[in-house]
Amino acid sequence: GENVEQHPSTLSVQEGDSAVIKCTYSDSASNYFPWYKQELGKRPQLIIDIRSNVGEKKDQRIAVTLNKTAKHFSLHITETQPEDSAVYFCAAQGQYGNKLVFGAGTILRVKS
Amino acid sequence: DTGVSQDPRHKITKRGQNVTFRCDPISEHNRLYWYRQTLGQGPEFLTYFQNEAQLEKSRLLSDRFSAERPKGSFSTLEIQRTEQGDSAMYLCASSGGQEDIQYFGAGTRLSVL
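The paragraphs below set out a description of the structure included in this document. Since we're looking at a predicted model, the values are computed, not measured.

Comments concerning the sheet that holds strand S7 (residues 65-68) of chain B
All names here are of chain B. Ordered in space as S1-S3-S8-S7, the four strands form an open sheet in which the pairing is antiparallel. On the outer flanks of this sheet lie strand S1 (5-7) and S7, each paired with one strand and no other. Each adjacent strand pair in this sheet contributes to an overall mean axis angle of 15°, direction not counted. Strand direction decides the pairing type here: S7 and strand S8 (residues 75-79), joined by four bridges, are antiparallel. Paired with Ser66 across the bridge in S8 is Glu78.

Details of the interface of chain B and chain A
Counting from both sides, the interface comprises 21 residues of chain B and, opposite them, 17 residues of chain A. Together, the buried faces of chain B and chain A total about 1,600 Å²; carbon and sulfur atoms form 49% of this surface. For the interface between chain B and chain A, the tally reads one salt bridge. Summed over the shared surface of chain B and chain A, the number is 10 residue pairs in polar contact (both at pLDDT 80 or more).

Focus: the side chain of Asp86 of chain B
All names here are of chain B. Inspection of the secondary structure puts Asp86 in the loop between S8 and strand S9 (88-95). A polar contact of 2.8 Å, which involves the side chain of Asp86, links it to the backbone nitrogen of Glu83. Excluding anything up to four places from it in sequence, Asp86 contacts Arg64, Phe65, Ile79, Leu110 and Val112.

Digging into the sheet that holds strand S8 (residues 72-77) of chain A
Residues and elements named next belong to chain A. Strand order in this open sheet of five strands is S1-S3-S8-S7-S6, and the pairing throughout is antiparallel. The open sheet has two edge strands with one neighbour each: strand S1 (4-7) and strand S6 (56-59). Shown here is a sheet whose adjacent strand axes are inclined to one another by a mean of 15°, direction ignored. In the sheet, S1 pairs with strand S3 (residues 19-25) via four bridges, with the strands oriented antiparallel. The residue bridging His7 from the neighbouring strand is Lys22, located in S3.

Brief notes about the state of the cysteines
Residues and elements named next belong to chain B. If you walk through the whole model with that rule in mind, you get two disulfides over all chains. Shown here is the disulfide that connects Cys23 with Cys92, its sulfur atoms set 1.9 Å apart. Between Cys23 and Cys92, the S-S torsion sits near -70°, and that sign places the bridge as left-handed. In this pair, Cys23 sits in strand S3 (residues 19-24) while Cys92 sits in strand S9, placing the two residues 69 residues apart along the sequence.

Description of unusual backbone geometry
Residue and element names in this part refer to chain A. In this chain, His7 is followed by Pro8 through a cis amide linkage whose omega measures -5°. Within the secondary structure, Pro8 is located in the loop between S1 and strand S2 (10-14). A positive phi is found at Gln60, a non-glycine position, where the angle reads about 60°. Its location among the elements puts Gln60 in the loop between S6 and strand S7 (62-67).

Section: the environment of Phe33 of chain A
Residues and elements named next belong to chain A. The topology assignment puts Phe33 in strand S4 (residues 32-38). Overall, Phe33 belongs to the buried group, its relative accessible area being 0%. Taking the C-alpha atoms as reference points, Phe33 and Ile107, separated by 74 residues in sequence, lie 19 Å from one another. Residues contacting Phe33, with those up to four places away along its chain left out, are Tyr25, Ile48, Asp49, Ile50, Ser52, Leu66, Phe73, Ala91 and Ala92.

The rules behind each value
Residues numbered from 1 in each chain as written. Chains lettered and ligands numbered in written order. Predicted model: local features only at pLDDT ≥ 70, side-chain atom pairs only at ≥ 80, totals over all residues. Heavy atoms only, no water. Pairing = 2+ DSSP bridges. Helix = DSSP H or I, 4+ residues; strand = E, 2+ residues; numbered from the N terminus. Axes fitted to C-alpha atoms, helices over the stretch in contact; angles between N-to-C directions. Contact = heavy atoms within 4.5 Å. Buried area = accessible area lost by both parts, 1.4 Å probe. Salt bridge = Lys/Arg side-chain N within 4 Å of Asp/Glu carboxyl O. Polar contact = N/O pair within 3.5 Å; in protein donor to acceptor, adjacent residues only side chain to side chain. Disulfide = S-S within 2.5 Å. Buried < 20%, exposed > 50% of the residue type's maximum accessible area, 1.4 Å probe, protein only.

Shown next as structure tokens:
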């Protein structure tokens, strides 16, 4: 079955710097890759997603890139702010299944 | 609130007791998912419904776990004879339409003493 690995497990950046989180997946048939942000005690919230027919997607300070050949995708946050501090999860969804397979998460700390 | 709602938010039970959780999806969504999340980990898939049909179950879902979605709207997840290892956050998500994005509820945190 699908396996998703996520790195790093923790990331500390200075306010205003960029943050990059990387994920790799194992099933080449996976075609949908969402990113969720989860603050302490709250629900995971979708922040951006990408489908396998595009290589990059951007929404204000957040961007996601996908390399299907290498089977990896990355989240880029520019001009980080303290409110970006949270746990970020990547996930992959297979072509024939609806379940999401999640990475283990990245704790992002933005220091002001 | 038009999002996914879960009840209760917290449940404390003694080992061996049965517990039941409820999930109300976003009203127009026909797909409903249950995930389990333990501390420091990402959500793990448990089971998935399309309308009232349970279409997929994870091997994580032992015989003590059962889920239903009788009318294709709300869903319940029951755990029988709870064990300490069942302590976790149980998340529900729903999706629908062409984009089929999964939206999560706030979860039910289960503590088995």
